[in-house]
Amino acid sequence: MVSLLRTLSSKLLDAIETAKKSSSRKFLQSIDLIVNVRDVDLTKPENRFTETIELPHGLGKKRRKICVIASGDMALRAERIPLVDKVLGKEDLETLVGNKRMAKKLARSYDYFLVDPPMMGIAAKALGAALGAKGKAPVPIPPGTELEKFVEKYSRSVTVRLRKGPTLSCMIGTEDMDSNALAENAEAVISRIVEKLEKKFRNVASIYVKKTMGKPVKVEIEEK
């Protein structure tokens with residue numbers, strides 16, 4: 001697999017450079033990666049997966065919105081971290097129990113919900129259904145972890161899902177980022193996807209990159 005990724009590296013770079021040249025807009029566009037798989041029976045639960053991947057070069061600018069669910073000292077520390085967009089305490093969650101509209105709004109508003117383990121129960125009760133519908137899940141904060149670094153990890157992360165259809169997609173950065181950095185981000189995502197596939201690269205049908213408003217550019221890959 002390593003040798004195939006090395007071969008793919010230059011092809012990714014070429015495709016990213018081509019994608020960057022298209023569709024200029026007055027706003028900063030994202031660069032997205034699309035991976036299509038084949039010969040994967042998605043009726044079997046063991047073939048479906050959700051993977052969160054930390055990108056080696058992040059996303060160019062802060063693009064992940066993070067909510068921390070905590071109380072006491074951890075909540076105070078979270079409020080001092082610039083990358084944290086929202087801190088919810090026990091009382092906040094209690095007001096959400098049974099309020100489906102607000103729970104759905106919160107689930108839409110944030111990419112990752114990082115939770116102090118003692119609050120996992122109330123978090124699941126208040127937000128579990130809404131997060132599940134969005135393909136998200138509360139992420140427990142490991143005991144003793146350095147909260148700022150844990151938050152930073154998720155601010156640099158993307159999530160890919162193989163569930164109902166044979167396509168996985170995610171943002172890998174923005175058009176103002178160095179193309180080599182974008183290619184390395186793409187490699188990190190592709191590598192994780194391939195690791196999860198039963199036949200590895202033989203299950204990869206095609207790979208594309210595109211700008212937000214641009215046409216997909218195919219990455220030429222060798223037949224396995």
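Preceding this paragraph is the structure being described.
Just so you know, these numbers come straight off a predicted model, no measurement behind them. (Residues numbered from 1 in each chain as written. Predicted model: local features only at pLDDT ≥ 70, side-chain atom pairs only at ≥ 80, totals over all residues. Heavy atoms only, no water.)

Before going further, it helps to spend a moment on the overall build of the chain. Along its length, the chain carries 7 helices and 10 strands. A compact globule built from 224 residues should have a C-alpha radius of gyration of about 17 Å, and the chain, at 19 Å, falls within 12% of that. By principal-axis analysis of the C-alpha atoms, the chain measures approximately 55 × 40 × 35 Å. Counting every position in the chain, which comprises 224 residues, the buried fraction comes to 44%. (Helix = DSSP H or I, 4+ residues; strand = E, 2+ residues; numbered from the N terminus. Rg over C-alpha atoms; globule rule 2.2 N^0.38 Å. Buried < 20%, exposed > 50% of the residue type's maximum accessible area, 1.4 Å probe, protein only.)

Across soluble globular proteins, you tend to see nonpolar side chains buried next to one another. Counting residues in hydrophobic clusters, the biggest one holds 37 residues, and the most contacted among them are L33, I172, V189 and I190. When residues of this core are traced back to their parent elements, those giving at least two are α1 (2-20), β1 (30-37), β2 (49-54), β7 (157-162), β8 (167-174), α7 (179-196), β9 (204-211) and β10 (217-219). Here this core gets 8 residues from one element, more than from any other, and that element is α7. (Core = buried A, V, L, I, M, F, W, Y, C linked by side-chain atoms within 4.5 Å.)

A separate point is the sheet that holds β8. A sheet is described by the order of its strands in space; here 4 strands give the open sequence β8-β1-β9-β10, paired in antiparallel fashion. Strands at the two margins of the open sheet, each flanked by one partner only, are β8 and β10. For this sheet the average axis-to-axis angle between neighbouring strands, irrespective of direction, equals 25°. Pairing analysis gives 7 bridges linking β1 to β8, with the strands arranged antiparallel. (Pairing = 2+ DSSP bridges. Axes fitted to C-alpha atoms, helices over the stretch in contact; angles between N-to-C directions.)

Let us now look at the environment of V209. Relative to the assigned elements, V209 resides in strand β9. Exposure remark for V209: the relative accessible area of 0% places this residue in the buried category. Residues V209 and A15, spaced 194 residues apart in sequence, show a C-alpha to C-alpha distance of 6.7 Å. In this view, V209 contacts A15, I16, A19, D32, L33, K215, P216, V217 and V219; residues no more than four positions away in its chain are not counted. (Contact = heavy atoms within 4.5 Å.)

Let us look at helix α5 (residues 120-133). Along α5, the helix axis deviates most sharply at L127, where the bend reaches about 65°. Of the residues making up α5, those classed as buried are A123, A126, L127, A130 and L131. Residues of α5 that are buried sit in contact with β3 (66-69), α3 (90-96), α4 (100-109) and β5 (112-115). Looking at the residues trailing α5, positive phi occurs at G135, about 70°. (Bend = angle between axes of the 7 residues up to and from the residue.)

Without other data, these values stay purely geometric and don't point to any function.
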